[in-house]
Structures are given as C-alpha cells and as structure tokens.
Amino acid sequence: MGELGDKAKGVANEAAGKVKQQSGDPETRAEGHAQERKGEAQNLKGEVKGAMGNKV
C-alpha cells in the first residue's frame, strides 16, 4: 500500500479510536486507545514511505 493509503487508514483508525474512548465501558475505551495508537503508527508509516519515494 502506498503513502496515501497508509495515511488514510491511519486517520480512520485514529478517529474510530477517539470515538471508542468516549464510551462508558472500560474495555471499549482501552480498545479505542489501542486503535488510536495503531492509526498514529500507520500515519508514520505513510510519512516514511513518502519520504523514501514508496520504496518501503
């Protein structure tokens, strides 16, 4: 997947994670926190791919 695809997935996961963190259920909040972190990692992966010309 290319730079834009990774960034798009990252943004989607961050947004979904933030929504889950607003839940009253502690387990769902924990899932949201993990999903937000996953999104941040995907964004970083996309930035690295962009910097390296999608050769990663």
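Values in this document were obtained by computation on a predicted structure and should not be read as measured data.

Scoring rules and cut-offs
- Residues numbered from 1 in each chain as written.
- Predicted model: local features only at pLDDT ≥ 70, side-chain atom pairs only at ≥ 80, totals over all residues.
- Heavy atoms only, no water.
- Helix = DSSP H or I, 4+ residues; strand = E, 2+ residues; numbered from the N terminus.
- Rg over C-alpha atoms; globule rule 2.2 N^0.38 Å.
- Buried < 20%, exposed > 50% of the residue type's maximum accessible area, 1.4 Å probe, protein only.
- Contact = heavy atoms within 4.5 Å.
- Polar contact = N/O pair within 3.5 Å; in protein donor to acceptor, adjacent residues only side chain to side chain.
- Patch = residues over 30% accessible without salt bridge, like charges linked within 9 Å, V, L, I, M, F, W, Y side chains within 5 Å.
- Areas by Shrake-Rupley, 256 points an atom, 1.4 Å probe, with all protein chains shown as cover.
- Salt bridge = Lys/Arg side-chain N within 4 Å of Asp/Glu carboxyl O.

## Concerning the overall build of the protein
A count of helical and extended segments in the protein gives 2 helices and 0 strands. For 56 residues, the compact-globule estimate of 2.2 N^0.38 gives 10 Å, and the C-alpha radius of gyration of the protein, at 13 Å, exceeds that figure by more than 25%. Taking the principal axes of its C-alpha atoms as reference, the protein extends roughly 45 × 15 × 10 Å. For the protein, the proportion of its 56 residues judged to be buried stands at 23%. Within the protein, residue pairs in contact and separated by at least 24 positions form 55% of the contacts whose partners lie at least 6 positions apart.

## Structural notes on the environment of Leu4
Among the structural elements, Leu4 can be located in helix 1 (residues 3-20). By relative accessible area, Leu4 is classed as exposed at 67%.

## Points about the side chain of Asp6
Relative to the elements of secondary structure, Asp6 occurs in helix 1. In this structure Asp6 comes out as buried when scored by relative accessible area, which is 5%. Side-chain polar atoms of Asp6 contact the side chain of Lys49, separated by 2.9 Å.

## What to know about a nonpolar patch on the surface
Nonpolar side chains collect at one region of the surface, where Leu44, Val48 and Met52 lie side by side and expose about 270 Å² of accessible area between them. Assignment of secondary structure puts Met52 in the segment after helix 2 (26-51).

Just distances and angles here, no functional claims.
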